[in-house]
Amino acid sequence: MRFLVTAIVAYLLYLLLTIGSGTLLLWNAAELIIGAIFALVVAALVKNRYLKRSLRMLNPVRWFIWFIYLFPFLFAMAQANVDVAYRVLTGRINPGIVKISPKLKTDMALTILANSITLTPGTLSINVDEETNDLYVHWINVKPEVLKEMPRDYHPICNSFPDWARRIAG
Amino acid sequence: MGALNIVTYIFIVIGLFFNVVGCIGLNRFPDVYTRLHAATKCTTFGSIFLIMAVIVQSVGIWAMEGALSSQSILSIHAVIALVALLITNATGAHAIARAAHRSGEKPARAVVDDLEGKDIDD
């Protein structure tokens, strides 16, 4: 099952890359055959890495939530870039490394969160504690009120991205 | 075609602005972590706009010709490049930051360091 899913995803990606190459639908026969062979080879090689435990990411509802998530994400990303541009030009920084505990359970959710954090306002994920799933985040402009309590409140650091990650892949 | 070209130029200018800011940040910031901020965020965002300029031009050609040609296929390839860029840029930044912290690089001018002295290994 994992083998099949991986092969199909690889094949679809190959078809997307070679779209418009011929007249058989949108592809030519050689591309279709070579793509299928490569998809099978790739699937045989990586099936145990690509899908770890479950097939839950195939659920279209999760894909839909992911698509919705793109909008707040892109908005936050635009904000981040204006913010970093401002700090580059003025040199006003107040950096530090903070620990957040988003309480996510799956690797996929943690990956989505870590990548989102890196691409958005003034934060960069550095390390992850794989036992407790805590993230260590480099924050370019540390707000003093967050430092007072020890399980840090993640809302000032990364908005509500952990909630989104939980909805997509939790 | 005129309006399309104007949109393309606007995207290119925005993209270049953010890429230049990223380069300036790379020189101005004090340590590896803050430099990574400039290097990842600004160059990713700038490159998104450059890729969007390619997509706009390519979709314009697609709409004009009404059929898939080597130039209109460029828009599909550009979208794939965009997705790959978003994923690899963030992941690469994690790898560099983690390596820097493990090799003992201290964050300059840090007010707090929760990771200090912790040994997280796998």
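## Re the overall build of chain B
Alright, step 1. For chain B, the helix and strand inventory stands at 3 helices and 0 strands.
Alright, step 2. Shown N-terminal to C-terminal, the secondary structure of chain B runs as helices and strands in the order α-α-α.
Alright, step 3. Counting only residues that meet the buried cut, chain B has 43% of its 122 residues in that class.
Alright, step 4. Sequence-distant contacts in chain B: of pairs separated by 6 or more residues, those separated by 24 or more amount to 66%.
Alright, step 5. Carbon and sulfur atoms provide 68% of the accessible area of chain B, an area that totals close to 6,300 Å².

## Re the interface of chain A and chain B
Alright, step 1. Contact with chain A, which involves 46 residues of that partner, is made by 44 residues of chain B.
Alright, step 2. Roughly 3,800 Å² is buried in total at the junction of chain A and chain B, and carbon and sulfur atoms are behind 71% of that figure.
Alright, step 3. When residues of chain A are sorted by the area they lose upon contact with chain B, Asn81, Val88 and Ile97 of chain A head the list and together hold 16% of the total.
Alright, step 4. Linking chain A to chain B there are 0 salt bridges.
Alright, step 5. Linking chain A with chain B are 6 residue pairs in polar contact (both at pLDDT 80 or more).
Alright, step 6. Within the residue set of the side of chain A that touches chain B, elements represented by two or more residues are α1 (2-17), α3 (60-90), β1 (96-100), α4 (107-119), β2 (123-129) and β3 (134-139) of chain A.
Alright, step 7. Ranked by residue count, the leading element in the side of chain A that touches chain B is α3 of chain A, at 11 residues.
Alright, step 8. The class makeup of the residues in the side of chain A that touches chain B is 27 nonpolar, 14 polar and 5 charged.

## Focus on a nonpolar patch on the surface
Residue and element names in this part refer to chain A.
Alright, step 1. A contiguous nonpolar patch, built from Phe3, Leu4, Ile8, Leu12 and Leu40 and spanning about 470 Å² of accessible area, is present on the exposed surface.
Alright, step 2. In terms of residues, the nonpolar patch owes the most to one element, α1, which gives 4 residues.
Alright, step 3. If you trace the backbone, Leu40 turns up in helix α2 (residues 29-50).

## With respect to the packing of α3 of chain A against helix α6 (residues 161-169) of chain A
Residue and element names in this part refer to chain A.
Alright, step 1. In contact at an axis separation of 9 Å, α3 and α6 are set at 160° when each is read in the N-to-C sense. As summarised for this structure, α3 and α6 are arranged roughly antiparallel, according to the angle between their axes. Relative to α6, α3 is oriented so that their crossing is left-handed. Packed against α3, whose contacting residues are Arg62, Ile65, Trp66, Ile68, Tyr69, Pro72, Phe73 and Ala76, the element α6 presents Phe161, Trp164, Arg167, Ile168 and Ala169 at the interface.
Alright, step 2. Grouping the amino acids of the contact of α3 with α6 by side-chain chemistry returns 11 nonpolar, no polar and 2 charged.

## Observations concerning the sheet that holds β2 of chain A
All names here are of chain A.
Alright, step 1. With antiparallel pairing, the 3 strands of this open sheet are ordered in space as β1-β3-β2. Two strands close off the open sheet at either side, each with one partner strand: β1 and β2. Looking at each pair of strands side by side, their axes are set apart by 25° on average, direction ignored.
Alright, step 2. In terms of strand pairing, β1 meets β3 through 5 bridges, oriented antiparallel. Its bridge partner being in β3, Ile100 is matched across the sheet by Leu135.

## Some details on α3 of chain A
Residues and elements named next belong to chain A.
Alright, step 1. Its 31 residues give α3 an end-to-end C-alpha distance of 45 Å, which sits within 8% of 45 Å, the value for a rise of 1.5 Å per residue.
Alright, step 2. The largest bend in α3 is about 30°, located at Leu70, with the proline Pro72 one to four residues further on.
Alright, step 3. Within α3 the residues assigned to the buried category are Arg62, Tyr69, Phe73, Ala76, Met77, Ala80, Asn81, Val84, Ala85, Arg87 and Val88.
Alright, step 4. Where α3 ends, the next residue or the one after it, Gly91, has phi of about 75°, a positive value.

## Focus: the packing of aromatic side chains
We describe a pair of aromatic rings using the distance from one ring centre to the other and the angle between the two ring planes.
Residue and element names in this part refer to chain B.
Alright, step 1. Throughout the structure, instances matching the rule amount to 6 aromatic pairs over all chains.
Alright, step 2. Both rings, one in Phe45 and one in Phe49, keep their centres 5.2 Å apart while their planes meet at 80°; by these two values the pair is edge-to-face. Taken together, the residues span about one helical turn, with Phe45 and Phe49 both in helix α2 (residues 32-65) at a distance of 4 residues.
Alright, step 3. Judged by relative accessible area, which is 15%, Phe49 ranks as buried.
Alright, step 4. In this structure an aromatic cluster arises from ring pairing among Phe11, Phe17, Phe18, Phe45 and Phe49.

Conventions we followed
Residues numbered from 1 in each chain as written. Chains lettered and ligands numbered in written order. Predicted model: local features only at pLDDT ≥ 70, side-chain atom pairs only at ≥ 80, totals over all residues. Heavy atoms only, no water. Helix = DSSP H or I, 4+ residues; strand = E, 2+ residues; numbered from the N terminus. Buried < 20%, exposed > 50% of the residue type's maximum accessible area, 1.4 Å probe, protein only. Contact = heavy atoms within 4.5 Å. Areas by Shrake-Rupley, 256 points an atom, 1.4 Å probe, with all protein chains shown as cover. Buried area = accessible area lost by both parts, 1.4 Å probe. Salt bridge = Lys/Arg side-chain N within 4 Å of Asp/Glu carboxyl O. Polar contact = N/O pair within 3.5 Å; in protein donor to acceptor, adjacent residues only side chain to side chain. Nonpolar A, V, L, I, M, F, W, Y, C, P; charged D, E, K, R; others polar. Patch = residues over 30% accessible without salt bridge, like charges linked within 9 Å, V, L, I, M, F, W, Y side chains within 5 Å. Axes fitted to C-alpha atoms, helices over the stretch in contact; angles between N-to-C directions. Parallel < 35°, antiparallel > 145°, perpendicular 65-115°, else oblique. Left-handed = near helix turned anticlockwise from the far one by under 90°. Pairing = 2+ DSSP bridges. Expected span 1.5 Å × (residues − 1). Bend = angle between axes of the 7 residues up to and from the residue. Phe/Tyr/Trp six-rings, centres within 6.5 Å; stacked < 30°, edge-to-face > 60°.

Coordinates in, geometry out; function isn't part of it.
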